Each structure stands twice: as C-alpha cells, then as structure tokens.
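A look at the structure
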Protein chains: 2
Amino acid sequence: MNLKNQVEWALHCCAVMMALPEGVYLPAKVLAEFHGVPKEYLSKALQALSQHGIVIGTLGPSGGYRLARAPDQISFLDIVEAVEGKRSTFRCEEIRGNNPCVPRRHRAGKPCTVARIMWKADEAWRESLRGVSLTDLAAQLAEDVPDDVLAKSRAWLLERA
Amino acid sequence: MNLKNQVEWALHCCAVMMALPEGVYLPAKVLAEFHGVPKEYLSKALQALSQHGIVIGTLGPSGGYRLARAPDQISFLDIVEAVEGKRSTFRCEEIRGNNPCVPRRHRAGKPCTVARIMWKADEAWRESLRGVSLTDLAAQLAEDVPDDVLAKSRAWLLERA
DNA sequence: GCGGAAGTACTCGGATACCCACTGTCCGAGTAGGGAGGG
DNA sequence: CCCTCCCTACTCGGACAGTGGGTATCCGAGTACTTCCGC
C-alpha cells in the first residue's frame, strides 16, 4: 500500500507557492521543471487541489496557480485528502455477514468491530496531518534549508512567474 | 490508496483463531468457508502471517493454523505489518534534489522536511494499531456480538478443526 | 497620440493509452493419520 | 492382541494468469497580452 506520488508533488508545490507575492501566479510548467517531474501529469495533481479550493488556477499568459488561502489556513490533511480522497484507507467488506452461523437477514446495529479499530487508527493518521499547516512547514524549512538555497530558489521562481 | 482486503481477512482469521483450544489447528479451507472468501487466496494472507511468526502452520490431516503467541502478545500492528509490510505508506523520492538551484552533489543532512511530517503521521497510525491487542478485540467482540452467535460459531469451527 | 478591436500565444482542463500491483487460481512438496500385515 | 510399516489423503507453500487503479501523455477550450489599425 502506497500513497500516490502526486501527494508528494502536491505538498512540495504548495511549499514553493508560499513564496509567491500577492497576485502572482506560477505555471504548472515551472513547478514541473523546478521539481523535475512530468508537467502534464503534475497538472493533474494541481487540478485536484484546484477542485478542492486549495489553489486557484488562472488561464492565459502570466497565468498559473497560487494558494487560495493564507498558508496557516491550509493543513497537510487538506492537501493529502484533495489528492487521495477522504475515504478511509481501510475498506470493510462486511465479511462477518458471511458467517454461516449468522441468520441471513441479520441487521448489525454497529459497524464491524474490526473496522471500527482500523478506522480509529486512520483517524489518528488524519489528526496528525490536520495539526500541521503550511506555516509550520515553512518554519521547519527555514531551519533545514540553507539560506542561500532558499533565496536562489525564490529568485529562480519569481523570474519565471 | 487502499489497504489490501487481505488485511481484513487476516484480522478476522486471527479473531476466530482465538477461540481454538490449545494444540488444535484450523485449516485455511475452514477459515475461507467461514468468511466466505476464496480459499486459495486467503492462504496467501495466512502464509504472510506464518512467515512473520504470528501464526503457526502444520501439514497433513488435522493440520492447519493456530496463533503462535498468546492473544495479548499479538497487536493489530503485527498483523497489518505482516500483510502490508513495514514500509511507510509515504515514499519520499527526494524530488527536492531536482531543484535547479541546489548544487548537484549536495548531501542533505536531514531527510526531506515534507517526508518527516508524513512519516510522523504514519507513525501515529501505527502507534494506534500497536495499542490494540487481540485480547482487546475479544473483549469488544463479546459486547458487540450476541452470545448465541458467538457460541454457535465456536461450535461450528471446533466441529471442523 | 490614443482608443479599440482583432490576432496570437500561452495557460488550464478533461479525455485518452500504458503498466504495475493487487487479485484470483493452480499444482507440487511434505506430513500425519489410518489401515493392513506380521509377530 | 500389539507393534511396525506402508499407503493414502489432507495440509501448506510457492509459482502462474487476469484485471483495475495509478502513471504518463495528448489535444482542445479559454483567456490575457500584444499588436495593429482607424480616428
């Protein structure tokens, strides 16, 4: 079981979009070149973000994407769920109903016990992602990435925005 | 992104194996019939459990599977990781290295910032599963499942063990 | 010189092929139990 | 009657095809800038 690599791309794209001044858009082409990934496919991830109101896309020359909200209003969970969907990673197929000792038309009141435990773990995962915003990411990046790389990257991006 | 349905099957199989007396083995065929799933494919999940020391398989007539440890020594995480693997659900492909502003041979000290956050969430998921043992499941099942169904199921299984 | 309109080039967005992993199935290796035969 | 040996039948274990979602790609719809023309 793996998350799709679009998740990684989407997160990194949101990270760099934080560096954009107000009213400036960054084309998918530039984002793709910056991260070294196929442009056409990356645009699908950006589309997903756009459809969920996390980024805004604009057409025409000087078009592209920018964040739709302030970075502290966008959590990792928003981005991950936009790409991966809100469904739990665990699907309960109700195999307990196949038990030959259970009457055929038995209506279970509660969901399957096993499923409840798995869903709780899934919720713990989501809760962890919900607690990290893009602002938190920016603070961490400021520590991890050397200042000159950060500055050069920002210049490189603005040059092509 | 979905967990494979073998995870669900493995969990339910471990649940019913708790009902077995000491020294009794339950064939994959019976487990498959009980849960209404294809026997040949279910055996793959049981093989995974066997290879990770969670259950023990025996050949020949009256052979089958039984739990390898006491139920309170087997956590949901053990079972899930046996089937799904221990790898994090998030794969970091180090696309930050493709940044044209980073010197080619740059050795990053820390892992990617984004990856660290995703891995932390993954660890939260695992921690939640680590905290639930088969004993806990049994206690919950005793509340959820009517007593007569529980008794009939146990009898049905022992009849074929 | 200035305003407006048409043309152009660039963008996003959805529709279309390819491929790997999960799903499902099969057959062979190995063993434990049962039965037959001999003591 | 009991022990031993052999045979059978049942089990697990690994190797073999089919299919759906993820991956990758293409082309069309739409817009903002630019340029040209008329006033």
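The shown structure was predicted, so the numbers you read here are calculated from the model rather than taken from an experiment.

Basis of the calculations
- Residues numbered from 1 in each chain as written.
- Chains lettered and ligands numbered in written order.
- Predicted model: local features only at pLDDT ≥ 70, side-chain atom pairs only at ≥ 80, totals over all residues.
- Heavy atoms only, no water.
- Helix = DSSP H or I, 4+ residues; strand = E, 2+ residues; numbered from the N terminus.
- Contact = heavy atoms within 4.5 Å.
- Near = heavy atom within 4 Å.
- Polar contact = N/O pair within 3.5 Å; in protein donor to acceptor, adjacent residues only side chain to side chain.
- Nonpolar A, V, L, I, M, F, W, Y, C, P; charged D, E, K, R; others polar.
- Buried area = accessible area lost by both parts, 1.4 Å probe.
- Salt bridge = Lys/Arg side-chain N within 4 Å of Asp/Glu carboxyl O.

As a further point, take the side chain of A:Ser43. Looking at the secondary structure, you find A:Ser43 in helix H3 (residues 39–51). Residues contacting A:Ser43, with those up to four places away along its chain left out, are A:Ala28 and A:Tyr65.

Taken together, 20 residues lie near DNA strand D, and A:Lys4, B:Ala28, B:Leu59, B:Gly60 and B:Tyr65 sit nearest. Within 4 Å of the protein, the contacting atoms of DNA strand D are drawn from sugar and phosphate to the extent of 65%. Within the contact set of DNA strand D, a phosphate oxygen lies 3.0 Å away from a backbone nitrogen or oxygen of B:Ala28. If you list the elements that add at least two residues to the surface near DNA strand D, you get helix H1 (5–17) and H3 of chain A together with helix H3 (39–51) and strand S2 (64–67) of chain B. Considering every element that reaches the surface near DNA strand D, the biggest residue donor is H3(B), with three residues. Its residues assigned to classes, the surface near DNA strand D comprises 10 nonpolar, eight polar and two charged.

As a further point, take the interface of chain A and chain B. Chain A puts 53 residues into the contact, and the matching count from chain B is 53 residues. Summed over both partners, the interface of chain A with chain B comes to about 5000 Å²; 66% of that surface belongs to carbon and sulfur atoms. At the boundary of chain A and chain B, one finds four salt bridges. In this structure, A:Arg116 and B:Asp144 form a salt bridge, with 3.0 Å as the shortest nitrogen-oxygen distance. Viewed at the interface, chain B and chain A are joined by 16 residue pairs in polar contact (both at pLDDT 80 or more). Those elements giving two or more residues to the side of chain A that touches chain B turn out to be H1, helix H2 (28–35), helix H4 (76–84), helix H5 (113–130), helix H6 (134–144) and helix H7 (147–160) of chain A. Across the side of chain A that touches chain B, the residue classes tally to 28 nonpolar, 13 polar and 12 charged.

With that out of the way, let us pick up the side chain of A:His35. Structurally, A:His35 can be placed in helix H2. Those residues in contact with A:His35 that lie beyond four places of it in its chain are A:His12, A:Cys13, A:Val16, B:Ile95 and B:Asn98.

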